[in-house]
Amino acid sequence: MTQIRSYSGASPHALNPVPADAGIGLKPQHYLEIIATKPKLGWFEVHAENYMGAGGPPHRYLSAIRDLYPLSLHGVGLSLGSAGPLDRAHVLRLKDLIARYEPGLVSEHLAWTRHGATHFNDLLPVPLTHEALDIMAAHVGETQDLLGRQILIENPSVYADIAGAEMSEPEFLVTLARRTGCGLLVDVNNVHVSCSNLGKSATDWLEGIPADLVHEVHLAGHAVEELESGKLLIDDHGSAVRDEVFGLYRDFIERVGPRPTLIERDKNVPELGELIAEAMRAQRCLDCVRNFDMVLGQRHG
Amino acid sequence: MAERLSDFQAAFAEAISTGGAAPGCIAALPGTPPVAKRFDVYRNNVHASLIDALEAAFPAVERLVGRDFFRAAARLHLESGMPERGTLIGFGSGFPHFLDSFPPLRSFPYLGDVARLELLWLQAYHAADAAPLDPAVFARMGRDEIAVLRPVLHPSLRLFSSRYPVAEIWRTNREDDEVKPVDMHGGGDALIILRPETHVLIYKLPPQQIAFLRALREGANFGEAALALPPASIAGLPALLQELARKGVFAAAASQ
């Protein structure tokens, strides 16, 4: 059992906070346009693993963009949900990157990507058991101790139930956060995809997450595979955010308050302007919630 | 009683790798897409993302063999060539050897070396940054002074020798809208690959100059490394060093 740490609350990285505004995932094909046109966006996020080389153009452009915008580092390769030991070499690569860019937020997933010496490069599902929760909490605690800061944990897209579940996914995440002091990154598209695939209610899922644990929100598109036996939703980050996901998002931030909100697109990456237009759609929601809060007075947790 | 996490992951990993049936603990409600379809999403994500990564790393090889062949070969390579690190920077280091020994490619013996060049290109791309040494440093020094200098090679510098004209095969397949024929009987290549600034550069050098740089990389000073050069060219060492410095080969030089 890990001890409760004091990583939540005041961050030593408050100098470069990621604001409760809309941001987009930074793609190499947009580096030069962003540096030249400095579009009005709250922040950028990158996959940490794409910047784990020593130098070269990725760092050159990311540094230039980091000088203009707050940054969030989003890890996809740490495998916090592995039964095996934490990949400390990978944590140290992440630590170097954090020292280099001083990101406002650092996040990872409720998932495993490693088994033995093999990195599977996909966010594989963690059984919702007490044993897995203990292991995940130990790895999150160890990571936060090595990094000396809080990380956020994101809910993955899930395609199948794993027999023997002892709690719901929101219960797992909330207990993890309360035990380790980590925050949560709620991917509303993943909530929609997982709940649709598992025959559950996305609204109930989101209701299970207390506002104070939510530090960031992700939005993305997904694909729908129509099968004779029904449809499977596949999280492919390859298209615009769907209206049903946007509806869930609007309801969610009305309850929890404005949060940094990312538009993710990793396949079929469009022109920068198209991603900015999607970010503006989220920004209007955030502004609306903020204005509403100002009229009604301070929100309670 | 829930299955232990380590057993679950061992069974899941095995089923991903072997293409066998989904592990027994994977479940689906009746009347919804079956377990096999659901597990296939994970299996496909793993393999498609890694094949995409190899495709991104080896665009010249892909153009040479065609996209469908490339993806099928990459899928076979994954049976023994899964990544080990949590970042894919550096992934694919076993692919050139796989191409060398892949029977359907026996009549294209140069493909492995094209892949090696693409790997070195990526290594140079991601290498640490350093300001190249000013070539004028060598213009101000006499031969004896230069002979005892030991340079720091640029961190992006890579050396490569091939029996095949890989530089031109690589160039036309990476850059030309229509691939140009390459004279396969014109001899091999001795190359340096480096990135002094933003762009990765590839230069053909005489083989003795590659040997000279190899000696420097192993710690020789300029005088010792010059033994690799033809005797007649030793007098021209300052000029040669200026020429190499202009390409960005050196990051510093100090006498010791």
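What counts as what
- Residues numbered from 1 in each chain as written.
- Chains lettered and ligands numbered in written order.
- Predicted model: local features only at pLDDT ≥ 70, side-chain atom pairs only at ≥ 80, totals over all residues.
- Heavy atoms only, no water.
- Helix = DSSP H or I, 4+ residues; strand = E, 2+ residues; numbered from the N terminus.
- Rg over C-alpha atoms; globule rule 2.2 N^0.38 Å.
- Areas by Shrake-Rupley, 256 points an atom, 1.4 Å probe, with all protein chains shown as cover.
- Lys, Arg positive; Asp, Glu negative; His and termini not counted.
- Charge placed at Lys NZ, Arg CZ, Asp CG, Glu CD.
- Core = buried A, V, L, I, M, F, W, Y, C linked by side-chain atoms within 4.5 Å.
- Buried < 20%, exposed > 50% of the residue type's maximum accessible area, 1.4 Å probe, protein only.
- Domains from an automatic or database assignment.
- Contact = heavy atoms within 4.5 Å.
- Pairing = 2+ DSSP bridges.
- Axes fitted to C-alpha atoms, helices over the stretch in contact; angles between N-to-C directions.
- Buried area = accessible area lost by both parts, 1.4 Å probe.
- Salt bridge = Lys/Arg side-chain N within 4 Å of Asp/Glu carboxyl O.
- Nonpolar A, V, L, I, M, F, W, Y, C, P; charged D, E, K, R; others polar.
- Left-handed = near helix turned anticlockwise from the far one by under 90°.
- Patch = residues over 30% accessible without salt bridge, like charges linked within 9 Å, V, L, I, M, F, W, Y side chains within 5 Å.
- Arc of directions from axis to C-beta.
- Parallel < 35°, antiparallel > 145°, perpendicular 65-115°, else oblique.
- Polar contact = N/O pair within 3.5 Å; in protein donor to acceptor, adjacent residues only side chain to side chain.

Enquirer: I'd like to hear about the overall build of chain B, residue by residue, with values.
Expert: Looking only at helices and strands, chain B features 12 helices and six strands. Its C-alpha atoms give chain B a radius of gyration of 24 Å, clearly above 18 Å, the size a compact globule of 256 residues would have. Its C-alpha atoms give chain B principal-axis dimensions of roughly 85 × 45 × 30 Å. Total accessible area computed for chain B in this model is approximately 12200 Å², and 54% of it derives from carbon and sulfur atoms. Looking at chain B, you have 25 positive and 28 negative side-chain charges, and the mean spots of the two groups are 1 Å apart.

Enquirer: Which residues make up the nonpolar core, and what values go with them?
Expert: The biggest cluster of nonpolar side chains holds 138 residues, and the ones touching the most others in it are A:Ile153 and A:Tyr249. Among the domains, domain 1 (1-108) and domain 2 (128-256) of chain B are the pair contributing at least three residues each to this core. The residues touching A:Ile153, leaving out its near neighbours within four places in the chain, are A:Leu80, A:Glu108, A:His109, A:Leu110, A:Met136, A:Val140, A:Leu173, A:Leu176, A:Cys182, A:Gly183, A:Leu184 and A:Leu185. Within the second largest apolar cluster, 29 residues are counted, among which are B:Ala190, B:Leu194, B:Phe212 and B:Leu229.

Enquirer: Got a sec to walk through the sheet that holds strand 4 (residues 105-109) of chain A? Specific residues and values, please.
Expert: All names here are of chain A. Here we have eight strands rolled up into a closed barrel, ordered 1-2-3-4-7-9-10-13, and parallel in their pairing. With direction set aside, neighbouring strand axes in the sheet form an average angle of 30°. Relative to strand 7 (residues 152-154), strand 4 is paired through three bridges, and the arrangement is parallel. For His109, the partnering residue across the bridge sits in strand 7 and is Glu154. Across the face of the sheet, helix 6 (residues 188-198) comes into contact with strand 7, strand 9 (183-187) and strand 10 (214-219) while running at roughly 65° to strand 9.

Enquirer: Outline the interface of chain A and chain B, listing residues and values.
Expert: Counting residues at the interface gives 52 residues for chain A and 44 residues for chain B. Summing both partners gives a buried area of about 4000 Å² for chain A against chain B, and 61% of it is carried by carbon and sulfur. Per-residue buried area on chain A facing chain B is highest for A:His119, A:Phe120 and A:Tyr159; these three make up 14% of the total on that side. Linking chain A to chain B there are one salt bridge. Between A:Glu131 and B:Arg4 there is a salt bridge, and its shortest N-O distance comes to 4.0 Å. Going through the elements one at a time, helix 2 (57-66), helix 3 (88-101), strand 5 (112-115), strand 6 (118-124), helix 4 (130-147), strand 8 (161-162), helix 6 and strand 12 (230-234) of chain A are the ones with two or more residues in the side of chain A that touches chain B. Considering each element in turn, the side of chain A that touches chain B owes the most residues, seven residues, to strand 6 of chain A. Its residues assigned to classes, the side of chain A that touches chain B shows 25 nonpolar, 18 polar and nine charged. Here two bridges tie strand 8 of chain A to strand 1 (residues 26-27) of chain B, and the two strands are oriented antiparallel to one another.

Enquirer: Explain the pattern of salt bridges residue by residue, including any values.
Expert: Considering all chains together, one arrives at 28 salt bridges over all chains under this definition. A salt bridge links A:Asp212 to A:Arg178; the nearest nitrogen and oxygen atoms lie 3.0 Å apart. Of this pair, A:Asp212 sits in the loop between helix 7 (202-207) and strand 10 while A:Arg178 is found in helix 5 (residues 169-180), placing the two residues 34 residues apart along the sequence. You can call A:Arg178 partly exposed: its relative accessible area is 41%. Three or more residues are tied together by salt bridges with common partners; here these are B:Glu168, B:Arg171, B:Glu175, B:Asp176 and B:Lys180.

Enquirer: Help me get a handle on the packing of helix 6 of chain A against helix 8 (residues 243-256) of chain A, residues and values and all.
Expert: All names here are of chain A. At a closest axis distance of 9 Å, the pairing of helix 6 and helix 8 adopts a crossing angle of 115°. The two elements helix 6 and helix 8 meet at a crossing, and its hand is right-handed. Residues Val188, Asn189 and His192 of helix 6 form the contact with helix 8, whose own contacting residues are Glu244, Val245, Leu248 and Tyr249. Considered class by class, the residues forming the contact of helix 6 with helix 8 number four nonpolar, two polar and one charged.

Enquirer: Any chance you could break down a nonpolar patch on the surface for me, citing the residues and the numbers?
Expert: All names here are of chain A. A cluster of nonpolar side chains, namely Phe292, Val295 and Leu296, defines an oily patch on the protein surface of about 380 Å² accessible area. One can find Phe292 in helix 9 (residues 272-296). What makes Phe292 exposed here is its relative accessible area of 56%.

Enquirer: Tell me about helix 4 (residues 67-77) of chain B, and please be specific about residues and values.
Expert: Among all positions of helix 4 of chain B, only B:Phe70, B:Arg71, B:Ala73, B:Ala74 and B:His77 are buried. All buried residues of helix 4 of chain B project into a common sector of 165° when viewed along the axis, lining one side.

Enquirer: Before we move on, could you go through the packing of helix 3 of chain A against helix 4 of chain A and cite the residues and values that matter?
Expert: Helix-helix packing is characterised by the crossing angle of the two axes and by the distance between the axes. All names here are of chain A. Interaxial distance between helix 3 and helix 4 falls to 10 Å at its minimum, and their mutual angle equals 40°. Classed by the angle they form, the pair helix 3 and helix 4 counts as oblique. For the element pair helix 3 and helix 4, the recorded crossing hand is right-handed. Within the contact between the two elements, helix 3 uses Arg88, Val91, Leu94, Lys95 and Ile98 and helix 4 uses Glu142, Thr143, Leu146 and Leu147. Here the residues of the contact of helix 3 with helix 4 are counted per class, giving five nonpolar, one polar and three charged.

Enquirer: Lay out the environment of A:Tyr61 in plain terms, naming residues and giving numbers.
Expert: Looking at the element boundaries, A:Tyr61 is found in helix 2. Between the alpha carbons of A:Tyr61 and A:Ile209 there is a distance of 36 Å; along the sequence they are 148 residues apart. Apart from residues no more than four positions distant in its own chain, A:Tyr61 is found in contact with A:Tyr31, A:Leu32, A:Ile35 and B:Thr198.

Enquirer: Now, about unusual backbone geometry: what can you tell me, with residues and values included?
Expert: Trans peptide bonds make up the majority, and among non-glycine residues the majority have a negative phi. All names here are of chain A. Of note in the backbone geometry, Asn121 takes a positive phi value of approximately 60° without being a glycine. Tracing the backbone through its elements, the reader meets Asn121 in strand 6. Even without a glycine there, the phi angle at Asn268 is positive, about 50°. Secondary-structure assignment places Asn268 in the loop between strand 13 (261-263) and helix 9. Looking at Asn268, the relative accessible area reads 60%, which means it is exposed.

Enquirer: I'd like a rundown of the side chain of A:Asp187, residues and numbers included.
Expert: Residue and element names in this part refer to chain A. Positionally, Asp187 belongs in strand 9. Buried charge without a salt bridge: Asp187, with Arg265 as the nearest opposite-charge side chain at an N-O distance of 12 Å. From its side chain, Asp187 meets the backbone nitrogen of Asn190 in a polar contact 2.9 Å long.

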